[in-house]
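# Summary of structural features
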Amino acid sequence: MKYCMECGTKLEERFLKNEGMVPYCKTCEAYRFPVFSTAVSMEVLSPGRDKILLIKQYGKDRYILVAGYVNKGENAEDTVVREVKEELGLTVTDLHFEKSEYFAPSNTLMLNFSCVVDSESLSHISEEEIDSCRWFTLEEAAENIAEGSLAGIFLTRFISKQKSV
Ligand SMILES: [Zn+2]
């Protein structure tokens with residue numbers, strides 16, 4: 001971020017106690033902390049919690065987790081419920097925060113949740129947003145998730161946590 005998002009003045013670095021060097025706008029007399037996006041991704045679990053839904057998206061032939069950006073003014077839990085409804089047509093009955101990771105390529109803080117849905121029905125999938133999707137057992141999901149992806153890191157962590165319970 002080189003310019004103030006309010007007035008367009010070129011930002012300069014200024015020291016802020018307990019924070020270090022932070023971009024500062026002389027015109028607004030305000031510190032401008034770096035801006036990033038926030039998104040959620042989900043291990044979507046079947047009602048029996050024994051299967052995970054993976055999706056293919058954006059024309060790519062690899063399975064990933066359901067995900068979406070958090071809207072301004074929305075809390076992350078509501079984003080999980082909204083995205084599952086919009087993309088899958090399913091209702092979330094339970095959800096838990098799992099782990100967060102900063103994803104530099106899209107300047108996004110990814111919040112990973114696990115959530116349980118009310119049905120295994122895939123008849124209300126959004127064809128605009130999802131190319132294809134399938135329910136997998138936990139073991140199958142670990143084998144089929146896109147290798148080296150952030151989704152894969154979240155899923156692997158989630159599955160190993162289930163095994164240790
Ligand atoms: Zn300004």
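What you are looking at is a predicted structure, and each value in this text was computed from that prediction instead of being measured.

About the cut-offs
Residues numbered from 1 in each chain as written. Predicted model: local features only at pLDDT ≥ 70, side-chain atom pairs only at ≥ 80, totals over all residues. Pairing = 2+ DSSP bridges. Helix = DSSP H or I, 4+ residues; strand = E, 2+ residues; numbered from the N terminus. Contact = placed C-beta atoms within 7 Å. Domains from an automatic or database assignment. Core = buried A, V, L, I, M, F, W, Y, C linked by C-beta atoms within 7 Å. Buried ≥ 20, exposed ≤ 12 C-beta atoms within 10 Å, placed from the backbone.

## A short note on the sheet that holds strand 1 (residues 12-16)
Here we have three strands laid out as an open sheet, ordered 1-2-3, and antiparallel in their pairing. Single-partner strands in this sheet number two, and they are strand 1 and strand 3 (30-31).

## A few points about the environment of Val35
Residue placement: Val35 occurs in the loop between strand 3 and strand 4 (37-45). Placed 72 residues apart in sequence, Val35 and Asn107 show a C-alpha to C-alpha distance of 8.5 Å. Contacts of Val35, omitting those with residues within four sequence positions, involve Met1 and Met5.

## Comments concerning the domain arrangement of the protein chain
Under the domain assignment used here, the protein chain contains domain 1 (1-35) and domain 2 (37-164). Domain 1 and domain 2 are separated by 35 Å when their C-alpha centres are compared.

## Remarks on the pairing of strand 4
With nine bridges joining them, strand 4 and strand 8 (residues 108-117) adopt parallel strand pairing. Bridge pairing in strand 8 links Thr38 to Leu109. Of the strand pairs in this sheet, strand 4 and strand 5 (residues 51-56) are connected by two bridges, and their pairing is antiparallel. Bridge pairing in strand 5 links Val44 to Leu53. Following strand 4, the chain reverses through five residues before pairing antiparallel with strand 5; Arg49 in that reversal takes a positive phi of roughly 60°.

## Re the nonpolar core
Within the largest apolar cluster, 31 residues are counted, with the highest numbers of intra-cluster contacts made by Met42, Val44, Val66, Val84 and Cys115. Elements represented by at least two residues in this core include exactly strand 4, strand 5, strand 6 (66-69), helix 1 (76-88), strand 7 (92-103), strand 8 and helix 3 (150-164). Leaving out residues up to four positions away in the same chain, Val44 has contacts with Ile52, Leu53, Val66, Val84, Cys115 and Val117.

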